[in-house]
Amino acid sequence: MRRIILSIDEPISKEKLVEMEDGLAAVKVGWPLILSIGVDGVNKLLTGLGLKKIFDLKLADIDNTMNLIVEKLKPMADAFIAHSFIGVRGSLGSLNLQGRELYLVLSMSHPGWNESFYPYLREVAMEVNPEGLVAPATRPSVIRKVREDFPTKVVISPGVGAQGAEPGDAICSGADYEIMGRAIYLSERPVEKLREITKKMEDRLYEC
Ligand code: XMP
């Protein structure tokens, strides 16, 4: 089963992406790529790829503003990531994704994240009932908690490679997919690197 979501935060050639397609579960794009190559550039890069396209815009605004953003990007998106802290009334509760999936951030992977937000973010996620959740590979205990609180949700997990977690760590703690960016796209040979990381992940999953 393909368990790696490639985060494309810097320009990458379409040729390389197509070569990696078979080894990926999805691609994730966001502001850095949109600002580098533009909306049309992102569209060209993603068109024809047989992979789920997750737009990591970390939506965090009032409903009207988020709906305007979604309207522009929905032709090329299968899913959007939003922040939970914005709450339900006037915001997530009236977010109209027009059939696209929603992933809510429940905790973040960087060292300064304040985990005491979790009870509130969980309450919001329970009310909004998104398709999936984002939880950090750098904090396995948080992933275990998220899995316990949301047994049926898809959990995607950033923080592998450049941010320190090892391939397979998050899945062994209960995540469904691991998100990796720099560890793959900054490599001199991204296609080979993806294969190497996939093998490492399989070995780790065999142990857990
Ligand atoms: P790297 O290069 O660090 O890229 O593998 C990771 C990607 O994931 C994003 N990121 C997060 N997104 N919650 C999120 O929703 C997080 O805790 C988190 N940590 C990293 C990061 O912006 C990049 O696109």
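Note that this is a predicted model, so its numbers are computed, not measured.

**Quick notes on the side chain of Lys 28**
Positionally, Lys 28 belongs in strand β2 (residues 26–30). Looking at Lys 28, the relative accessible area reads 7%, which means it is buried. Separated by 3.3 Å, the side chains of Lys 28 and Ser 7 make a polar contact. If sequence neighbours within four positions are ignored, Lys 28 has contacts with Ile 5, Leu 6, Ser 7, Ile 8, Ile 54, Asp 56, Ile 81 and Ile 179.

**Examining the pattern of salt bridges**
The tally for this structure, following the rule as stated, stands at 12 salt bridges. Residue Lys 28 pairs with Asp 56 through a salt bridge whose shortest N-O separation is 2.5 Å. With Lys 28 in strand β2 and Asp 56 in strand β3 (residues 52–59), this residue pair connects regions lying 28 residues apart in the sequence. When sorted by exposure, Lys 28 lands in the same class as Asp 56, which is buried. Counted as one network, the salt bridges with shared partners bring together Lys 28, Asp 56 and Lys 58.

**What to know about the packing of aromatic side chains**
The full count for this structure, using the stated rule, is 2 aromatic pairs. Between the aromatic rings of Phe 55 and Phe 80, the centroid separation amounts to 6.1 Å while the plane-to-plane angle is 45°, which identifies the pairing as tilted. Of this pair, Phe 55 sits in strand β3 while Phe 80 sits in strand β4 (residues 79–83), and the two are 25 residues apart along the sequence. Assigned by exposure class, Phe 55 and Phe 80 land together as buried.

Quick notes on the rules
- Residues numbered from 1 in each chain as written.
- Predicted model: local features only at pLDDT ≥ 70, side-chain atom pairs only at ≥ 80, totals over all residues.
- Heavy atoms only, no water.
- Helix = DSSP H or I, 4+ residues; strand = E, 2+ residues; numbered from the N terminus.
- Buried < 20%, exposed > 50% of the residue type's maximum accessible area, 1.4 Å probe, protein only.
- Polar contact = N/O pair within 3.5 Å; in protein donor to acceptor, adjacent residues only side chain to side chain.
- Contact = heavy atoms within 4.5 Å.
- Salt bridge = Lys/Arg side-chain N within 4 Å of Asp/Glu carboxyl O.
- Phe/Tyr/Trp six-rings, centres within 6.5 Å; stacked < 30°, edge-to-face > 60°.

All quantities given are derived from atomic positions and should not be read as evidence of function.
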